[in-house]
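Okay, here's what each chain looks like letter by letter:
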Amino acid sequence: MNDSLDTGKRRLRIGVLDNDPCALECIVAILRQLSGTDICTADIWSYSRPTQAIQECRFGQHTDVVIIDMALNGLTGAQVAAEIRKISPGTGIIGITSYTPDAYRKSLAEAGAQALLDKSSLRTTLADAITAAAAGRHYPQDDMFPDVSTSADAPNPAGIHLTAAEQRILALSMGHLTSRQIADELGVSVDTVFSHRRNIKRKLAVNEWHEVIERCRTLHIL
Amino acid sequence: MPYTAHPVTPDSAPASAPVRRVSSIHRWWLISICVIIVISAIAELIGLAVIAKDDTSIATTAALTVAQIGATAVMLRKARLGAALTVILAVASMLIPTAATFSMLFAVILAINILTFRRTAEGIAAVVVMVAASVISGILYHDSAMASGGALSLGVFCLIACTGGWLMRQWDDAQRRARRAERLEHDMAIAQYLHDYTTNDLNNILMLTDLALTQPDSPAPDTLERVRGLAKDALKQTRLAIAALEHDDDADEHTMYQPTASDLEQQLFAVAEEQRTLLDTYGYQGSVLIGEHPFAHCSQAQATLALSLVREMFSNIVQHADPAAGYTMTIAATPSQLHIAVTDCHAEHSTPGMNTGLARLRRRITEAGGTWQVEEHGRNWTLATIMPTE
């Protein structure tokens, strides 16, 4: 997140995923109107396909808040939320639905989201929900949803997921092997080792490799 | 993946020959009619024997009847020859002053039917000959049945027999075309099955071999084990496909069974996990999201097609995608549609697009009423398909 230089308002990057093109357009329009409130939405991306939204979270610039529809042509919003939580632990997630929210509340909370809103009342609730999720808090305060830090750290199904290859690289790194030595040990190229390391850093939301080791020790990942 | 083998029957010979053999179904019908004719002829012979105790003119009729029984017997063995003999005997019976028998009439109708079925021109020629003979008989013997309208009746019966034979031929042609199309479709399906499985397995072998070649000394044992496993699977699938093509009835242990949608669903999960692990080895970070019971509303053919598509999508990732950017694939279904999509980022040196397998699947999916959409945003590439289900 970057603070605006002139207004003090928070500049956020917000993503929207909804397979209904009309709903998608409306939500984006609502977000653009929020520029008059205490949130300044600097960057909005929107997709109707879960694959594109997940790739955006994986490969694109860091997204502060993702808004996800709960019904996505056979996929649930909770499934997508869980995947985004793995890929981008620092992103706030808000679910939205046209149906009864209670049907999705539990699964979405377990997936690591921070709020679930009824689409019919987005105009009155979305701003506060975004403010809370961008700050890493759940919304509303008395709801069952976890904070971002809790959902990213807790050993739940939506927690940090390292693949077998990543775990092997981490284990070898803790043995003080260089990338070249790790590559030789695993029978892969050095570029592959670097690729795995980039992904590990992203999943653990750190910038340096020594921070990865510390975080793994803190979280008892290995 | 196991596949249904449709045994080819002996009747599915190419339908291009103008003279056709009598099929097994037709043969039973022919035997039945011939038996009826022979029985009626024998009954008429007995009757003639009783009448002709002192009448030598009936002897000719009796002789012709005996000859007709013989011709009918020949018809059972060589239908065309027997039919021709029957027509000749019928012409002879009309040109010689003898009493016509009902069994002779039945035999002629059968003969014309057979001749038309075998070759239309022969049937028409038989009708012409019979009508001509009946007219000549009417002219020669003014008191014969042919002179008092019998020729017209006989002509009508012959035409009906000829038409019946022609209709049977048309129906038989349609059956042969359907069987040939079914066989071609079956063989095409086997070819596609071979492509879907062995091509992907061979591709994976190549990737693992490339991986092994980068190792300084000797390939890692688990890499070799995986290569071996893939080669073994490809060989097994190839043998199954060859057995199906050869329609080997003795190779029961190689018979392909027809998987249910539930079996295919399990295969889908297995394929997703296997491919994700393989891609992870190459540094591809990816997500595969599968909805609940994706094949619940699919037919076996639709589920098979979807599984082929998923395999090709993984293959396409390896061929075109940038490992550093990862990939995301989703497979999910609503009650009326199956949605399969993939997004990745094409590698800088690669041209975004589809491999030949995906191109072939595109045709099959669109022909089945589905949609195929490709979107490109910068280097991001998305393929989204929708297949209507039951």
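Predicted, not measured: the structure shown is a model, and the values here were computed from it.

Enquirer: Explain the overall build of chain A to me, and be specific about the residues and the numbers.
Expert: Across its full length, chain A carries 10 helices and 8 strands. The contacts in chain A between residues at least 6 apart in sequence include a share of 64% that link residues at least 24 apart.

Enquirer: Which residues make up the packing of helix α8 (residues 261-281) of chain B against helix α9 (residues 300-320) of chain B, and what values do they have?
Expert: Residue and element names in this part refer to chain B. One can describe the packing of α8 onto α9 by two numbers: an axis separation of 10 Å at closest approach and a directional angle of 5°. If you check the angle between α8 and α9, you find them roughly parallel. Between α8 and α9, the residues in contact are L264, Q267, L268, V271, A272, Q275 and L279 and Q300, A303, T304, L307, V310, R311, F314, I317 and V318, respectively. For the contact of α8 with α9, the residue count by class is 11 nonpolar, 4 polar and 1 charged.

Enquirer: Describe the interface of chain A and chain B, naming the residues involved and giving the relevant values.
Expert: Each partner contributes to the interface: chain A provides 27 residues, whereas chain B provides 38 residues. With both chains or domains summed, chain A and chain B bury close to 2,400 Å², and 53% of this area falls on carbon and sulfur atoms. It is A:R49, A:T51 and A:Q55 that lose the most area in chain A upon contact with chain B, and together they represent 22% of the buried surface on that side. For B:E375, the salt bridge goes to A:R49, with nearest N and O atoms at 2.8 Å. Contributing elements (two or more residues each) for the side of chain A that touches chain B: α2 (50-59), α3 (77-87), α7 (164-174) and α9 (190-203) of chain A. The element that contributes the greatest number of residues to the side of chain A that touches chain B is α2(A), accounting for 7 residues. The residue makeup of the side of chain A that touches chain B, split by class, is 8 nonpolar, 12 polar and 7 charged.

Enquirer: How would you summarise helix α3 (residues 79-95) of chain B if you had to cite specific residues and measurements?
Expert: Compared with an ideal rise of 1.5 Å per residue, which puts 17 residues at 24 Å, α3(B) spans 24 Å between its outermost C-alpha atoms and is within 8% of the ideal. Within the span of α3(B), buried status applies to B:A79, B:G82, B:A83, B:T86, B:V87, B:L89, B:A90, B:V91, B:S93 and B:M94.

Enquirer: Explain the sheet that holds strand β4 (residues 371-377) of chain B residue by residue, including any values.
Expert: All names here are of chain B. If you walk across this open sheet you meet the 5 strands as β1-β2-β3-β5-β4, and the pairing is mixed. Sheet topology places β1 (286-290) and β4 at the edges, where each strand pairs with a single neighbour. In this sheet, neighbouring strand axes are inclined to one another by 5° on average, regardless of whether the strands run parallel or antiparallel. Summarising the sheet, strand β2 (residues 327-333) and strand β3 (residues 337-345) pair through 7 bridges and their orientation is antiparallel. In the sheet register, I331 faces β3, and the bridge partner there is I340.

Enquirer: Residues and numbers for the side chain of B:Q68, please.
Expert: All names here are of chain B. If you trace the backbone, Q68 turns up in helix α2 (residues 57-77). Using a relative accessible area of 0% as the deciding quantity, one classes Q68 as buried. The contact partners of Q68, leaving out residues within four places of it in the chain, are I37, A41, L89, T101, S103, M104 and A107.

Enquirer: Tell me about the pattern of salt bridges, and name the residues and values.
Expert: Two side chains bearing opposite charge may form a pair once their charged atoms approach each other closely. Residues and elements named next belong to chain A. Here the structure, examined in full by the defined rule, presents 15 salt bridges over all chains. Between K119 and D18 there is a salt bridge, and its shortest N-O distance comes to 2.7 Å. With K119 in the loop between β8 (115-118) and α5 (122-134) and D18 in the loop between β2 (10-17) and α1 (21-33), the pair connects residues that are 101 residues apart, well separated along the chain. Of the two residues, K119 and D18, both sit in the buried class. As a salt-bridge pair, E83 and K86 come within 3.4 Å of each other at their nearest N and O atoms. Placement of both E83 and K86 in helix α3 is noted, with a separation of 3 residues, approximately one turn of the helix. Several salt bridges converge on common partners, so that one network encompasses R13, D43 and E56.

Enquirer: Can you explain the packing of aromatic side chains? Please cite residues and give values.
Expert: A full pass over the atoms with the stated rule returns 2 aromatic pairs over all chains. Consider the rings of A:W45 and A:Y47, whose centres lie 5.5 Å apart with planes at 45°: the pair is tilted. Taking 6.3 Å as the distance between ring centres and 80° as the angle between the ring planes, the aromatic pair formed by B:F314 and B:Y327 counts as edge-to-face. Taken together, the residues span a long stretch of sequence, with B:F314 in helix α9 and B:Y327 in strand β2 at a distance of 13 residues. Judged by its relative accessible area of 0%, B:F314 falls in the buried class. Above the face of the A:W209 ring, A:R197 is positioned so that its terminal group lies 4.3 Å from the ring centre.

Enquirer: Requested: an account of the pairing of strand β5 (residues 380-388) of chain B, with residues and values cited.
Expert: Residue and element names in this part refer to chain B. Two strands pair when backbone bridges link them, and β3 and β5 are joined in this way by 9 bridges, in the antiparallel orientation. Considered in β5, the bridge of A341 is made with A384. Bridge count between β4 and β5: 7 bridges; the pairing is antiparallel. Of the residues in β5, the one forming a bridge with E375 is T382.

Rules and cut-offs
Residues numbered from 1 in each chain as written. Chains lettered and ligands numbered in written order. Predicted model: local features only at pLDDT ≥ 70, side-chain atom pairs only at ≥ 80, totals over all residues. Heavy atoms only, no water. Helix = DSSP H or I, 4+ residues; strand = E, 2+ residues; numbered from the N terminus. Contact = heavy atoms within 4.5 Å. Axes fitted to C-alpha atoms, helices over the stretch in contact; angles between N-to-C directions. Parallel < 35°, antiparallel > 145°, perpendicular 65-115°, else oblique. Nonpolar A, V, L, I, M, F, W, Y, C, P; charged D, E, K, R; others polar. Buried area = accessible area lost by both parts, 1.4 Å probe. Salt bridge = Lys/Arg side-chain N within 4 Å of Asp/Glu carboxyl O. Expected span 1.5 Å × (residues − 1). Buried < 20%, exposed > 50% of the residue type's maximum accessible area, 1.4 Å probe, protein only. Pairing = 2+ DSSP bridges. Phe/Tyr/Trp six-rings, centres within 6.5 Å; stacked < 30°, edge-to-face > 60°. Lys NZ or Arg CZ within 6 Å of the ring centre and 35° of its normal.

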